[in-house]
Amino acid sequence: LEEARLENHLSLLGEYTTSGSGSGCPLLIQRTIARQVTLVNIIGKGRYGEVYLGRWHGENVAVKMFSTRDEDSWKREVEIYQTVMLRHENLLGFIAADNKDNGLTTQLWLITDYHELGSLFDFLTSTSIDVPAMLRLVFSLANGLAHLHMDILGTSDRSKPAIAHRDLKSKNVLVKRNGQCVIADLGLAVRYEGKTGILDIPANEKFGTIRYLAPEVLDGNLNLKNFESLKAVDIYALALVMWEICHRCQFYGSAEDFELPYAHDVPSEPDMGQMREAVCVQKKRPTLPNRWSSREPMITMTRLMRECWYSSSQARLTALRVRKTIATLMATADVKL
Ligand code: ADP
Ligand code: MG
Ligand code: MG
């Protein structure tokens, strides 16, 4: 992969003809990598495809496979990964995309870094964590989201559009061996060019996962044309994921059991109506255990969650603000990344 990364780097420097928008290797190299990957076993299943562990020259990679029926999702996710300046330590690392046509069927592949600890959901289900581990997870998650949301202005090959994820949840975040998160599953993301005010695709109603939808999405009051409001939808979901992480944190005794947000308020596969009733009408939010209000850093963590899941989307914090506040908590507690 080092070789691939070098090629990637060179392509960013403009030494090769790139795939167009620049964050991936040249298409020919991507295809070459893809055809050298062997599949080992299935590791995950989502809405669109199956994810496999693969091997490439002795290294592990993850291969997300889409059926031709979902070609649009594959195209979209690949397109987002090819965004210039997207690469970041807290976003899943893209390696290559390929469509393998063998005459009968077409296999659509998306190859990324492989993370053996799996999704944050899997990780939290199987283990509880201490306070430093909690802070590392939350900081890195906010750091990844802040990078995604950020609009970097520069010359064309040094600027990055703002991106809203639109399907943030613990199953779409992976855990790295160093205890940091990477944000994955960019299939529903939309890009926004601040200079021109253009969304790269119309933000449609095809919004993420019902359980994690912000109140304004549930009650149909979201302004799809305003990019700030799309970021605020991600921030609401961030609050729910922060709660899932804190819920597994050993703080004054043992951790709580793993729970999805609203596990006691809605059925396991809630519909829009049930979710709207709980979140918009009854204004429920995940329960904050009493002991969290007794001492730092949980006092600040609960405040962050509340300020990220406000009903009023304009009142919510930004990812950058969350990151800064957690950085301060880490400095105070002498926790290193
Ligand atoms: P979908 O769009 O179908 O939801 P995802 O990209 O979310 O697909 O992947 C589905 C699941 O596969 C994830 O929740 C995770 O458990 C697993 N997975 C995906 N990518 C990786 C990876 N790079 N390393 C390890 N596990 C992964
Ligand atoms: Mg997913
Ligand atoms: Mg998806």
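Predicted, not measured: the structure shown is a model, and the values here were computed from it. (Residues numbered from 1 in each chain as written. Chains lettered and ligands numbered in written order. Predicted model: local features only at pLDDT ≥ 70, side-chain atom pairs only at ≥ 80, totals over all residues. Heavy atoms only, no water.)

A.B. asks: Give me the overall build of the protein: which residues, what numbers.
C.D. replies: When helices and strands are tallied, the protein shows ten helices and ten strands. In terms of overall size, the protein behaves like a compact globule, its C-alpha atoms giving a radius of gyration of 20 Å where 337 residues would be expected to give roughly 20 Å. Across its three principal directions, the C-alpha atoms of the protein cover 60 × 40 × 40 Å. Here the protein holds 337 residues, and 53% of them are scored as buried. Of the roughly 15,600 Å² that the protein leaves accessible, carbon and sulfur atoms contribute 51%. Taken together, the 40 basic and 40 acidic charged side chains of the protein have centroids lying 3 Å from each other. (Helix = DSSP H or I, 4+ residues; strand = E, 2+ residues; numbered from the N terminus. Rg over C-alpha atoms; globule rule 2.2 N^0.38 Å. Buried < 20%, exposed > 50% of the residue type's maximum accessible area, 1.4 Å probe, protein only. Areas by Shrake-Rupley, 256 points an atom, 1.4 Å probe, with all protein chains shown as cover. Lys, Arg positive; Asp, Glu negative; His and termini not counted. Charge placed at Lys NZ, Arg CZ, Asp CG, Glu CD.)

A.B. asks: Can you explain the sheet that holds strand β5 (residues 106–113)? Please cite residues and give values.
C.D. replies: Spatially, five strands are ordered β1-β2-β3-β5-β4 in an open sheet, and the strand pairing comes out antiparallel. The two strands at the open ends of the sheet, each matched to only one other strand, are β1 (38–45) and β4 (94–101). Looking at each pair of strands side by side, their axes are set apart by 30° on average, direction ignored. Contacts from helix α2 (residues 27–36) reach β1, β2 (49–56), β4 and β5, with the element oriented near 75° to β4. (Pairing = 2+ DSSP bridges. Axes fitted to C-alpha atoms, helices over the stretch in contact; angles between N-to-C directions. Contact = heavy atoms within 4.5 Å.)

A.B. asks: Give me the lowdown on the site of ligand 1, citing residues and values where you can.
C.D. replies: Of all residues adjacent to ligand 1, which total 20 residues, the nearest are R47, K64, D113, K171 and D185. At 3.1 Å from a nitrogen atom of ligand 1 is found a main-chain nitrogen or oxygen belonging to H115. Contact with the protein chains removes 91% of the 550 Å² of surface that ligand 1 exposes when unbound. For the shell around ligand 1, the secondary structure elements donating two or more residues are β1, β2, β3 (59–66) and β5. Residues belonging to the shell around ligand 1 are distributed by class as follows: seven nonpolar, seven polar and six charged. (Near = heavy atom within 4 Å. Polar contact = N/O pair within 3.5 Å; in protein donor to acceptor, adjacent residues only side chain to side chain. Nonpolar A, V, L, I, M, F, W, Y, C, P; charged D, E, K, R; others polar.)

A.B. asks: For the sheet that holds strand β9 (residues 190–193), give the residues involved together with the corresponding values.
C.D. replies: Spatially, β6-β9-β10 is the arrangement adopted by the three strands of the open sheet, whose pairing is antiparallel. Of all the strands in the sheet, just β6 (162–164) and β10 (198–199) have a single pairing partner and so form its edges. Looking at chain direction, β6 and β9 are connected through three bridges and run antiparallel. Looking at β9, one finds that I163 is bridged to R191.

A.B. asks: Could you give an account of the pattern of salt bridges, naming the residues involved and the relevant values?
C.D. replies: Using the criterion set out here, one finds 16 salt bridges in the structure. Here E77 ties to K64 by a salt bridge, and the two come within 2.9 Å at their closest N and O atoms. Here E77, found in helix α3 (residues 71–81), pairs with K64, found in strand β3; they are 13 residues apart in sequence, far enough to count as distant. Each member of the pair, E77 as well as K64, carries the same accessibility label: buried. What you see here is one network of salt bridges that share partners, running through R76, E79, R191 and D200. (Salt bridge = Lys/Arg side-chain N within 4 Å of Asp/Glu carboxyl O.)

A.B. asks: Explain the pairing of β2 to me, using residue names and the numbers behind them.
C.D. replies: Judged from the six bridges that link them, β1 and β2 form a sheet pairing that is antiparallel. Within β2, the residue paired with T38 across the bridge is R55. Here β1 folds back onto β2 in antiparallel fashion, the turn holding three residues. Between β2 and β3, which pair antiparallel in sequence order, lie two residues; one of them, H57, sits at a positive phi of approximately 45°.

A.B. asks: So what's going on with the coordination of the magnesium ion (ligand 3)? Residues and values would help.
C.D. replies: Only D185 (OD) and D185 (OD) from the protein reach the magnesium ion (ligand 3) as donors, at distances of 2.3 Å. In this structure the magnesium ion (ligand 2) is found 3.9 Å away from the magnesium ion (ligand 3), and D185 serves as a bridging donor for the pair. Looking at the element boundaries, D185 is found in the loop between β8 (181–183) and β9. (Donors = N, O, S within 2.8 Å, 3.2 Å for Na, K, Ca; no water.)

Geometry only, nothing functional implied.
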